[in-house]
Amino acid sequence: MSFTVDPGLYALGSPDRHSPVFVTANYKMSFDRLRNDLKNRDSWLLVLNTQGINVWCAAGKGSFGTDELSERIHTSGLSRIISHKDLILPQLSAPGVSAHVVHKNTGFNVRFGPVRSSDLPAFIDSGYKATPEMRLKNFPIMDRAALIPMELIIAMKWMLIIFPFVFMLSGLFGSGPFLSAAIRHGFFAAVMLTGGMTAGTIIAPLLLPWLPGRAFAMKGFSAAVIVLLPLLGLFSATSYPFPAFAEAFSLFLISSGVAMFLAMNFTGSSTFTSSSGVRKEMKWAVPIQIGCGIIGFGMWVWTLYAA
Amino acid sequence: MGQFIYLKNVTTLMLDEKKCVGCGICLTVCPHGIFYLNERHARISNRDACMECGACAKNCPVEAISVKTGVGCAIAFINSFLGRSDSSCCCVIEPVGKESTCC
Ligand code: SF4
Ligand code: SF4
């Protein structure tokens, strides 16, 4: 399956020399979305070679950039096809494209359109003017929810690797016959770890604006408390033989460390975290996560052994 | 719902108001509405919302703005710490589900 479109100039509908030119990335989703949002509007689409990467990411990497645009204007023969000198670019390409340099290189004027291509019709109809809302990159709950499956799949892969070890250690170190110890302690550990994973990959993204803390790791910890405390309550409320306090605490440590780590990784998917900020957060958050993991694990094995 | 703000007082964004010619393009390109125009000069309003994308600095015609750009992504830092080459791999800002481009 291909997620790319060949770079170059495309006609949408039946454009003429005066029709507007919209520039986009050769990521198929970007291209299709633009085409869809511009339905029934005759226009030209200039597709840049961004190696199949979407506009925002490509702009950050520089492949949706000043040089590629200047090149593509020449190679597409745009100036022979249209009679004006205006290009409309997605606003989110601005980290890669220097409008005044493109103008100097090619004579074309870069105009930054709205952040979302769905705002393009309104933008065009108002005489190529964007409202302040069209200029803001927000991060609504639907966008955050859409990212969850991917976060979850990555985390689950790790869990599947870890779980056999968890059951094996439970059986080896827990009291009683191997199988019953493996099931009793292993099940508890697996549920707690899954709780930590859920907190970091589902609860933290969904409740992002409402969770206490600015740093994502802190939000991950808040989410872990929300998920793990009820879980512990559930275990003690049922007839399930409630494990020793130390065992519960050690698993809480590990699982909240997992939640902190996974939530911290969500910075990569968010739309507002700065590089300097992430660096600052990681300076304290990563040692805590490692500490939670090592201390929690040591304590857990010890509680199994001592019980 | 209001705007997201990440950590305070960390952005490397700098604006030299003396150089600014008031063209206004930084207001146009910033995805977080950091700038406003005050009598023909750009000013920074809520600098803590800056995500260091670099759009403003790249487009200021007189280089009045400077910012140290980079991806605000923990995985990228981990990868570069571990010596993996593509330190900016984790860019999935568009919610496109499993069709995400990298990683
Ligand atoms: S770096 Fe990006 S977010 Fe920060 S002020 Fe400039 S354009 Fe706005
Ligand atoms: S882009 Fe530069 S010159 Fe133009 S208003 Fe902003 S700071 Fe001033």
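Residues numbered from 1 in each chain as written. Chains lettered and ligands numbered in written order. Predicted model: local features only at pLDDT ≥ 70, side-chain atom pairs only at ≥ 80, totals over all residues. Heavy atoms only, no water.

> What am I meant to see in the side chain of Asn-265 of chain A here?
When you line up the elements, Asn-265 of chain A lands in helix 10 (residues 245–265). If we skip the residues at most four places from it in the chain, Asn-265 of chain A touches Ala-74, Ile-75 and Ile-78 of chain B. (Helix = DSSP H or I, 4+ residues; strand = E, 2+ residues; numbered from the N terminus. Contact = heavy atoms within 4.5 Å.)

> Before we go on, may I ask you to explain the pairing of strand 3 (residues 43–48) of chain A in this structure?
Residues in a regular strand point their side chains to alternate faces of the sheet. All names here are of chain A. Taking burial as the measure, the 6 residues of strand 3 include 6 buried ones, the bulk of the element. In strand 3, alternate side chains face the same way, and those of Ser-43, Leu-45 and Val-47 on one face and Trp-44, Leu-46 and Leu-48 on the other are all buried. The pairing of strand 1 (residues 8–12) with strand 3 spans 5 bridges and is classified as antiparallel. Across the sheet, the residue bridging to Leu-12 is Ser-43, located in strand 3. Bridge count for strand 2 (residues 21–25) against strand 3 is 5 bridges, and the pairing is parallel. When the bridges of strand 3 are listed, Phe-22 appears paired with Leu-45. (Buried < 20%, exposed > 50% of the residue type's maximum accessible area, 1.4 Å probe, protein only. Pairing = 2+ DSSP bridges.)

> Explain helix 9 (residues 216–237) of chain A here, please?
Along an α-helix, residues three or four positions apart point the same way, because every turn accommodates 3.6 residues. For helix 9 of chain A, which comprises 22 residues, the first-to-last C-alpha distance of 32 Å matches the rise-based estimate of 32 Å (1.5 Å per residue) to within 8%. Three or more residues of helix 9 of chain A are buried, namely Phe-216, Ala-217, Lys-219, Gly-220, Ser-222, Ala-223, Ala-224, Val-227, Leu-228, Leu-231, Leu-232 and Phe-235 of chain A. (Expected span 1.5 Å × (residues − 1).)

> Quick question: what am I supposed to make of the pattern of salt bridges here?
A side chain with one charge can pair with a side chain of the opposite charge if their charged atoms come near. Residue and element names in this part refer to chain A. Counted according to the given criterion, the structure contains 6 salt bridges over all chains. A salt bridge links Lys-28 to Asp-32; its shortest N-O distance comes to 2.8 Å. With Lys-28 and Asp-32 both in helix 1 (residues 28–37) and 4 residues apart, the pair spans about one turn of that helix. By relative accessible area, Lys-28 is classed as partly exposed at 32%. By relative accessible area, Asp-32 is classed as partly exposed at 24%. Its salt-bridge partner being Arg-35, residue Asp-32 comes within 2.8 Å of it at the nearest N-O pair. Of this pair, Asp-32 and Arg-35 both sit in helix 1, separated by 3 residues, roughly a single helical turn. We classify Arg-35 as partly exposed; its relative accessible area is 37%. Each of Lys-28, Asp-32 and Arg-35 takes part in one network of salt bridges that share partners. (Salt bridge = Lys/Arg side-chain N within 4 Å of Asp/Glu carboxyl O.)

> Is there a simple way to explain the domain arrangement of chain A in this structure?
When the parts of a complex come together, some accessible area is lost, and that lost area is often taken as the interface size. Along its sequence, chain A is carved into domain 1 (8–135) and domain 2 (141–306). Relative to domain 2 of chain A, the C-alpha centre of domain 1 of chain A lies at a distance of 44 Å. (Domains from an automatic or database assignment.)

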